[in-house]
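# Results of the structural survey
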Amino acid sequence: MKYINANSLLPDKLAKELQRYIQGGYIYVPVDEKQHRYWGELSGYKEELRKRDWI
């Protein structure tokens, strides 16, 4: 995971609002559940291992 400067990503008003709650710290923004992918789904490696183990 790489870190992104909020000032370069968010609108100024939103970045200033976040600064009211946390300054100079890290915030984790989780993936939306609708977009969540489990380990190996994108690369296909999970399926490859499943096939290997059942042969």
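Before reading on, note that the structure itself is shown above.
One structure accompanies this document, and this report is about it.

What counts, and at which threshold
Residues numbered from 1 in each chain as written. Predicted model: local features only at pLDDT ≥ 70, side-chain atom pairs only at ≥ 80, totals over all residues. Heavy atoms only, no water. Salt bridge = Lys/Arg side-chain N within 4 Å of Asp/Glu carboxyl O. Helix = DSSP H or I, 4+ residues; strand = E, 2+ residues; numbered from the N terminus. Buried < 20%, exposed > 50% of the residue type's maximum accessible area, 1.4 Å probe, protein only. Phe/Tyr/Trp six-rings, centres within 6.5 Å; stacked < 30°, edge-to-face > 60°. Polar contact = N/O pair within 3.5 Å; in protein donor to acceptor, adjacent residues only side chain to side chain.

## Some remarks on the pattern of salt bridges
Side chains that differ in charge, positive against negative, can pair when their charged atoms come close. The full count for this structure, using the stated rule, is 4 salt bridges. In this structure, the salt-bridge partner of Glu47 is Arg50, at a minimum N-O distance of 2.5 Å. Of this pair, Glu47 and Arg50 both sit in helix α3 (residues 45-53), 3 residues apart, roughly one helical turn. For Glu47, a relative accessible area of 35% corresponds to the partly exposed category. For the salt bridge of Asp53 with Arg52, the shortest nitrogen-to-oxygen distance reads 2.8 Å.

## Concerning the packing of aromatic side chains
Tallied over the entire structure, the rule returns 2 aromatic pairs. Ring centres 4.7 Å apart and planes at 40 degrees place the aromatic pair Tyr3 and Tyr26 in the tilted group. A residue pair is termed long-range when its members are at least 10 positions apart, and Tyr3 in the segment before α1 (6-9) and Tyr26 in the loop between α2 (12-19) and α3 qualify at 23 residues. Judged by relative accessible area, Tyr3 falls into the exposed class, the value being 60%. The exposure class assigned to Tyr26 is exposed, which follows from its relative accessible area of 64%.

## Description of the environment of Gln23
In this fold, Gln23 is placed in the loop between α2 and α3. Sequence separation between Gln23 and Glu33 is 10 residues, and the spatial gap between their C-alpha atoms is 27 Å. There is a polar contact of 3.2 Å between the side chain of Gln23 and the backbone oxygen of Gln19.

None of the figures reported here should be taken as evidence of function without further support.
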